[in-house]
Amino acid sequence: MPAKPCRVTPQRRFCRIFLTAWLTVGSGEVFAGLPPLPDTYPMAMTFHAFDKINKGSPAFDDALGKQAPYLFIHGAGNAQKTHAVKARWPDKIVTLQDAYGGVSEEDYANVWPGHLLYKPGTLSSQNISPQDTVISVQDPSLIVKNARRLEKMQKKTPLALIIYALDKAGKPDWSHAEHLVAERIDGQKITVKRGQWGSKALAFEAGKTVIAPHMMFWARQWQVNFSLHSPRGGAGNLTAAEWYARHAADNLAQASADGIEFDVGRWTWGAPEQQAMDIDNDRVADYGYLDGVNSFGLGGRVFFRELRRLVGPDKIIQADSNDAMFGVRGWQYLNGVQLESFPAANHFDRFSTAFLHLRMWAENAQALPHISYPFTKTPTTVYANARNADGSKTDARFRIGLAAACLTGMPHPFASLGNLKFDPANVIANDDGSNQHFGVFAWDEYQGGDRHDWHWLGRPLAPAQQDLSDLGTADLLAGTSWRWVTDKGFTAKPSGQNAMTVEHIPANILPEQMWYGVRYEPNGGLKTLQANQDYTLVFDAQGDDSWHYAGQDFAQVPRMLVISGAADTKKAAAPLSVLIDSTPRTYRVSFVADGSPAAVFGIAEQLGKTTLNAVKLYAGSAEHWSREFANGMVLLNMGHKPWHATVQKDLYRHLKGTQAPEVNTGETVGSDVLVPPQDAVFLIKR
């Protein structure tokens, strides 16, 4: 949760975050159908520890034995592997991983064509017999840009197409559809393989037939159309979201797992220019948005609602949600989320919004137990011999992730990368996967160094504290006037003090063209901030989080607020973003200035009301955190200068370890502890 108002003393300003939700995982509570949850920390977990290991092999048995100190075992593999792991460790939480709407090749023949998601298609310009393998189309660029592009794609995976007839009303006739593979393109003509993946070669009429590419979840995985505009059909006359919920529930049952986590849980697609979806199959890219609302994103709530109904309250349901912009939204039905390559795909200068996103989910997820965790997937010196450009070690990346987990009372997994060039939501941008290394990683900080106690911190004695002593006393926006701006094509109306309701968004525009269509910005006269310095933006915000759309009602689905201008957004593909809902909150967002003027707030990703108040800007970072445990303390500094944290004198010492002995020295500390920039320190009681 964003920080609540802080108590200020002459010596130190700090904010204590009173969130009982943060203690839920480690509360010692017993949840029916799940193993008992411990109340001590840290809570280490393994991730894909059985990757590329055959069930029943000596290596599999060895990996099984190494799970002993870990509370959570996630992503053990297929149903057979997962079942074996659960049988060996019935008192551990074992969760399955699946794709968020991805249909694997072995299931292609089982999915009704109308349940799948496609890119904008083109009409055929010839009659097509069942024997024809060369098809003339009106706009081949909608299938593939050119022959060279097709040749490059074919090296990784076949280009899957759908061909379907249109009915008299010009709507898709999914009873008359066929899957194809594109082999070659020559001008307006496309050479294809007919009747693929269990479909039958059919006849089609010129001008009354559509050919469209499949939207792919990953290579060789088709994406289902979660949107609220997905047609009903197939066995049981279901929507795609309902059908996929049954598919996922079956997978969970076969694995005998305690829960399931959905990889790359998308609210909307990244790189929409290359991945342009057409949810209503009208041959026009809509990017999942119709009538100013994200139909694809909201439709995912139907999937989670149906899955929760099928598996009941005693199974864990999670999804990826790395940030407010692209990640899954909606507090209902889920136990929480996974933030892969935390923070923000290893963009450590974006820690503030990533940690805020984690805290929002840790507090607001409705299903119990609350389980949202930062997944540290990064290159380190210990496990990848990775170093910074100046030759310094990179193990602070691990310590940051573990500290974030301990501060929020959540478990923590780790996986090793060969380099930082990894995008958890874009398989095309990554290499062949050899860059990733999964397994069992026995960090000193997991086991208390020479204590070899995997729960060495013990129980938390208090919620996390946010130290604000680094912030300057002067509000750099004092005296600034603000204004609402509405761009051409957008419609918005004032809705109370400092509130605006977006009523219309232009159709068929890219999501990033929506965000700032209605915005709250300074009315001129601002000074440019000093580049590469820490600043903290403070503001109050709330917004509509209930939706009546496409004949359905949805509650507790927050909306996005984007922030540009003074934030470090030039080096990344997207502006900073936070989730806001109907609960009024004070937000603190720390960032590195890029030399541009102070922030602009965009509210026009979807229709609805947003309220903004009390915008302030301070020099310094608010990302100084601490949490006290029965046997130790965790300190985290994500600012860009050292933090002198005050602790009880002579009560603590550093861990004594072998992996990073220059950090975990075993030395006693006095009352002042120096926490390096963008690093964490773990102290143990003497």
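### Details of the sheet that holds strand E24 (residues 491-494)
Here's step 1: The antiparallel open sheet is built from five strands, whose spatial order is E24-E25-E34-E27-E32. Both outer strands of the open sheet, E24 and strand E32 (585-592), are each paired with one neighbouring strand and no more. Taken over all neighbouring pairs, the strand axes of this sheet differ in orientation by 30 degrees on average, direction set aside.

### A short note on the pattern of salt bridges
Here's step 1: Tallied over the full model, the rule gives 21 salt bridges.
Here's step 2: Of the charged contacts, one joins Asp 62 and Lys 66 as a salt bridge, the two residues approaching to 3.3 Å between their closest N and O atoms.
Here's step 3: For Asp 62, a relative accessible area of 43% gives the class partly exposed.
Here's step 4: For Glu 521, the salt bridge identified is with Arg 483, shortest N-O distance 2.7 Å. Linking Glu 521 in strand E26 (residues 518-522) with Arg 483 in strand E23 (residues 482-486), this pair joins segments that are 38 residues apart in sequence.
Here's step 5: Through salt bridges with shared partners, one network takes in Arg 483, Asp 487, Arg 519 and Glu 521.

### Notes on the side chain of Thr 95
Here's step 1: Inspection of the secondary structure puts Thr 95 in strand E5 (residues 93-99).
Here's step 2: Given a relative accessible area of 3%, Thr 95 falls into the buried group.
Here's step 3: Beyond its immediate chain neighbours, meaning those up to four positions away, Thr 95 contacts Ile 73, His 74, Gly 75, Ala 76, Ala 257, Gly 259 and Ile 260.

### Here we look at the nonpolar core
Here's step 1: Judged by nonpolar contacts, the single largest core of 153 residues is most densely connected at Phe 262, Phe 303, Leu 307, Leu 537, Phe 539 and Phe 601.
Here's step 2: In terms of residue count, the dominant contributor to this core is helix H4 (residues 240-255) (nine residues).
Here's step 3: By size, the runner-up hydrophobic cluster in this structure holds 18 residues, among which are Val 137, Ile 143, Ala 182 and Phe 204.

Calculation notes
Residues numbered from 1 in each chain as written. Predicted model: local features only at pLDDT ≥ 70, side-chain atom pairs only at ≥ 80, totals over all residues. Heavy atoms only, no water. Pairing = 2+ DSSP bridges. Helix = DSSP H or I, 4+ residues; strand = E, 2+ residues; numbered from the N terminus. Axes fitted to C-alpha atoms, helices over the stretch in contact; angles between N-to-C directions. Salt bridge = Lys/Arg side-chain N within 4 Å of Asp/Glu carboxyl O. Buried < 20%, exposed > 50% of the residue type's maximum accessible area, 1.4 Å probe, protein only. Contact = heavy atoms within 4.5 Å. Core = buried A, V, L, I, M, F, W, Y, C linked by side-chain atoms within 4.5 Å.

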